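Breakdown of the fold
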Amino acid sequence: MNEALLRRLPKLELHVHLEGAIPLETLLELQRKYGVRPALSLDALRERFVFRDFPHFIDAWVWKNGLLRELDDFTLMAEAVARNWVEDGLVYVEAHYSPPDFYARGLSLAQLTEAVRRGFEKVSGVEVHLIADLVRDFGPQLASRTLDELLEVASAFDVLGVGLGGSEHQYPAEPFAPVYRRAREHGLHCTAHAGEAAGAQSVRAAVELLGVERVGHATRAVEDPALVALLAERRIGIECCPLSNVSTGVISTLSEHPIVSWLERGLCVSVNSDDPVMFQSSMSTELRALHEQLGLSAAQLLQLQLNAIEASWQSEQAKDELAAQLRACWPSSEC
């Protein structure tokens, strides 16, 4: 299965950051808008997004977000990202966005979310729901404020749940447990990044203390076989991001990633692009790498997609309809 075929196939994604998917051309446009000097060229942007390790990635993330300054920038970003998704064959996306990163610019969660929605509404062909990242680095107090604001607009702007990204190695999950409990009580779904920049205990904390339905990355759960068994038993969705993990140095090579063994064991594991432009990838690129480098068959790639449908936060009827759509196409080159 080559990448051209994979791009034509209908796909979905559960773990992608809106701010990490901004096309390089859009970043160039934002540099011109704000007169950034020295402005980076396309090649220099690509080089800026080659990472030594996870902290280096966080530095690049903060720098890039500095180009998002006004509400119109978020609309521009959302439209550009959604067009990329359609070109890559995505039909359903649950996308993270990070309101706390922009509070210092005087932008509220409601304003940001509405601006993002305006961008999505300009693009047809992909269904997009949102996940509000509470961002570990700002602490539980600001996370609680973010949740307060989110609860006022979540239904209106189709925000399905909360996530917890950021510097996992510096900010553990435990202080965020009350915020997550309150989110669940108000009917929001829950996921969290864990086992990416910290060990297996971080994954266990996300499951047992935060009560998440899914875990982003979870790569280092392999350090604790009992934890892996718990993930299997509870059908916790595992949002694997293999090429991201290689790019940030979480794993050295793709062959070290546990996604194949977890898939063969029957865990509810999916494949995702995380920050596709920053990692110079896409969903199709992720799938092709798993096929060509790790030997996954078309049937196994389809199973990863079906697992994503199971772990998604759609209605059961919508899940059944999407699963039927994918089964009718994969791996047919007619789709």
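Structural notes, computed from the coordinates. Computed from a predicted structure; not experimentally measured.

Quick notes on the rules
Residues numbered from 1 in each chain as written. Predicted model: local features only at pLDDT ≥ 70, side-chain atom pairs only at ≥ 80, totals over all residues. Heavy atoms only, no water. Axes fitted to C-alpha atoms, helices over the stretch in contact; angles between N-to-C directions. Helix = DSSP H or I, 4+ residues; strand = E, 2+ residues; numbered from the N terminus. Parallel < 35°, antiparallel > 145°, perpendicular 65-115°, else oblique. Left-handed = near helix turned anticlockwise from the far one by under 90°. Contact = heavy atoms within 4.5 Å. Nonpolar A, V, L, I, M, F, W, Y, C, P; charged D, E, K, R; others polar. Buried < 20%, exposed > 50% of the residue type's maximum accessible area, 1.4 Å probe, protein only. Pairing = 2+ DSSP bridges. Salt bridge = Lys/Arg side-chain N within 4 Å of Asp/Glu carboxyl O.

Before going further, it helps to examine the packing of helix H13 (residues 283-294) against helix H14 (residues 298-311). The geometry of H13 relative to H14 is characterised by a closest axis approach of 10 Å and an angle of 135° between their N-to-C directions. Overall, the two elements H13 and H14 adopt an arrangement that is oblique. Note that H13 runs across H14; the crossing there is right-handed. Of the residues in H14, those in contact with Met 283, Leu 287, Leu 290 and His 291 of H13 are Leu 301, Leu 304 and Gln 305. For the contact of H13 with H14, the class distribution of residues is five nonpolar, two polar and no charged.

To continue, consider the pairing of strand E1 (residues 11-17). When you tally the buried positions in E1, you get seven out of seven residues, the bulk of the element. Pairing of E1 with strand E2 (residues 90-97) involves five bridges; the strand directions are parallel. Counterpart to Leu 12 in the pairing with E2 is Tyr 92.

Moving on, we get to the pattern of salt bridges. The final tally for this structure, using the stated rule, is 17 salt bridges. Across the pair Asp 148 and Arg 182 runs a salt bridge whose closest N-O atoms are separated by 2.8 Å. Linking Asp 148 in helix H7 (residues 139-153) with Arg 182 in helix H8 (residues 177-185), this pair joins segments that are 34 residues apart in sequence. Note on Asp 148: relative accessible area 38%, which makes it partly exposed. By relative accessible area, Arg 182 is classed as partly exposed at 23%. A salt bridge links Glu 223 to Arg 220; its shortest N-O distance comes to 2.6 Å. Glu 223 gets classed as partly exposed once you look at its relative accessible area, which sits at 47%. Where salt bridges share partners, they join Lys 33, Glu 70 and Asp 73 into one cluster.

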